[in-house]
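Each chain, letter by letter, is given below.
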Amino acid sequence: MAYFDPEYFKKKINFNVTRKVKRSIENKVIAWRLDKHYYDGDRNNGYGGYKYDGRWKKLLPKIIKRYKLSNKSRILDLGCKKGFIMQDFKELLPKAEIWGLEDHKYPISKASSKIKSRIIHSPYYEIPFKKNYFDFVIGFSAIYKYDLCNVIKTLKEIDRVSKKSFITVASYNDIKEKRLFEDWTLLGTTCLHKKEWIRLFKILKFKGDHYFTTPQSLNLC
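In short, a report on the structure.

Rules of the game
Residues numbered from 1 in each chain as written. Predicted model: local features only at pLDDT ≥ 70, side-chain atom pairs only at ≥ 80, totals over all residues. Heavy atoms only, no water. Helix = DSSP H or I, 4+ residues; strand = E, 2+ residues; numbered from the N terminus. Phe/Tyr/Trp six-rings, centres within 6.5 Å; stacked < 30°, edge-to-face > 60°. Buried < 20%, exposed > 50% of the residue type's maximum accessible area, 1.4 Å probe, protein only. Axes fitted to C-alpha atoms, helices over the stretch in contact; angles between N-to-C directions. Parallel < 35°, antiparallel > 145°, perpendicular 65-115°, else oblique. Left-handed = near helix turned anticlockwise from the far one by under 90°. Contact = heavy atoms within 4.5 Å. Core = buried A, V, L, I, M, F, W, Y, C linked by side-chain atoms within 4.5 Å. Polar contact = N/O pair within 3.5 Å; in protein donor to acceptor, adjacent residues only side chain to side chain. Expected span 1.5 Å × (residues − 1).

**Quick look at unusual backbone geometry**
Inference 1: A positive phi is found at Lys81, a non-glycine position, where the angle reads about 55°.
Inference 2: Position of Lys81 relative to the elements: it lies in the loop between strand S1 (74-78) and helix H5 (84-92).

So, in structure tokens, the structure goes:
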């Protein structure tokens, strides 16, 4: 298990910095529909337009090198949304076996025809593949919306189906950061202190790599 330095992302890719805003309970209710309003509606209710912009092409070559992926690799994007990471993986590794898993239908319906047939509609804690099927599983901004029970199930599933993996998890360093995240997030359910995440990984013997998404990395403070 390894930790990705936050600067790794900041230097390699520009993530459209998030404005400082406190979302209302109305915004959160709308977001939890996980439909057009969340992905392609008002920014206060979600992404404000979740569109392909090629950003992952800047990061994926580093991922491919780090995890020694090739055209013979089997790769799963957990929480793939509209499949943008899948799309870029397929362009960079055209012969690799690329799959996506998404737990709600709207983004799947908007995925490119090039990869839509490879997206499975399923909860993240029920990955319909055999043990060690994937050479690499990536879970970017995905599992944090589940409660702790289902986060634990998801981490176990990731370990079961993967040889190597990388996930991002919502975290904080102190109470001030925790409150900032809670004011900003629409779907964030399991946000733990960094030390708590590390303890959880040790308890579960989680073997994947992780990156802490914090108010600092989101430019909220």
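**Some remarks on the packing of aromatic side chains**
Inference 1: Inspection of every chain in the model, using the stated rule, returns 19 aromatic pairs.
Inference 2: Taking the centre distance of 5.7 Å and the plane angle of 20° together, the rings of Tyr39 and Tyr47 count as stacked.
Inference 3: The exposure class assigned to Tyr39 is buried, which follows from its relative accessible area of 1%.
Inference 4: A residue is classified by how much of its surface remains accessible, and Tyr47, at 29% relative accessible area, is partly exposed.

**Some remarks on the packing of helix H4 (residues 56-66) against H5**
Inference 1: Between H4 and H5, the least distance of the axes is 10 Å, while the angle of their chain directions is 60°. Comparing their axes, H5 and H4 come out oblique. Judged by the twist between their axes, the crossing of H4 over H5 is right-handed. Together, Trp56, Lys57, Leu60, Pro61, Ile63 and Ile64 of H4 and Phe84, Ile85, Asp88, Phe89, Glu91 and Leu92 of H5 make up the contact between the two elements.

**Here's the deal with the environment of Ala31**
Inference 1: Relative to the elements of secondary structure, Ala31 occurs in helix H2 (residues 25-31).
Inference 2: By relative accessible area, which is 0% here, Ala31 ends up buried.
Inference 3: When the C-alpha atoms of Ala31 and Leu186 are compared, they prove to be 6.4 Å apart, with 155 residues separating the residues in sequence.
Inference 4: Sequence-distant contacts of Ala31, that is, excluding residues within four places in its chain, are made with Tyr38, Asn45, Leu186 and Leu187.

**Section: the nonpolar core**
Inference 1: Judged by nonpolar contacts, the single largest core of 41 residues is most densely connected at Tyr38, Ile63, Leu69, Phe89 and Phe136.
Inference 2: Elements that contribute at least two residues to this core include exactly helix H3 (36-40), H4, H5, helix H6 (105-109), strand S4 (136-139), strand S5 (165-172) and helix H8 (175-184).
Inference 3: With five residues, H4 is the single largest residue contributor to this core.
Inference 4: Membership of the second largest hydrophobic core comes to 25 residues, among which are Tyr133, Val137, Ala142 and Val161.

**Quick look at the side chain of Thr190**
Inference 1: With respect to the element layout, Thr190 can be found in the loop between H8 and strand S6 (192-193).
Inference 2: The exposure class of Thr190 is buried, given its relative accessible area of 5%.
Inference 3: Within the structure, the side chain of Thr190 is placed 3.2 Å from the backbone nitrogen of Leu148, a separation counted as a polar contact.
Inference 4: Excluding residues within four positions of it along the chain, Thr190 makes contact with Tyr144, Tyr146, Asp147, Leu148, Val151, Ala170 and Trp197.

**A few points about helix H7 (residues 148-161)**
Inference 1: With 14 residues, H7 extends 20 Å between its outermost C-alpha atoms, agreeing within 8% with the 20 Å of an ideal straight helix rising 1.5 Å per residue.
Inference 2: Considered for burial, the residues of H7 that qualify are Asn150, Val151, Thr154, Leu155, Glu157, Ile158, Asp159 and Val161.
Inference 3: Of the surrounding elements, those touching the buried residues of H7 are S1, S4, S5 and helix H9 (194-204).

**Remarks on the environment of Ser165**
Inference 1: Structurally, the position occupied by Ser165 is in strand S5.
Inference 2: Given the relative accessible area of 2%, Ser165 is considered buried.
Inference 3: Sequence separation between Ser165 and Gly208 is 43 residues; the distance between their C-alpha atoms is 4.6 Å.
Inference 4: Once residues within four sequence positions are removed from consideration, Ser165 is found in contact with Tyr67, Phe136, Val137, Ile158, Phe206, Gly208 and Asp209.

Spatial relationships are all this shows, so hold off on functional conclusions.
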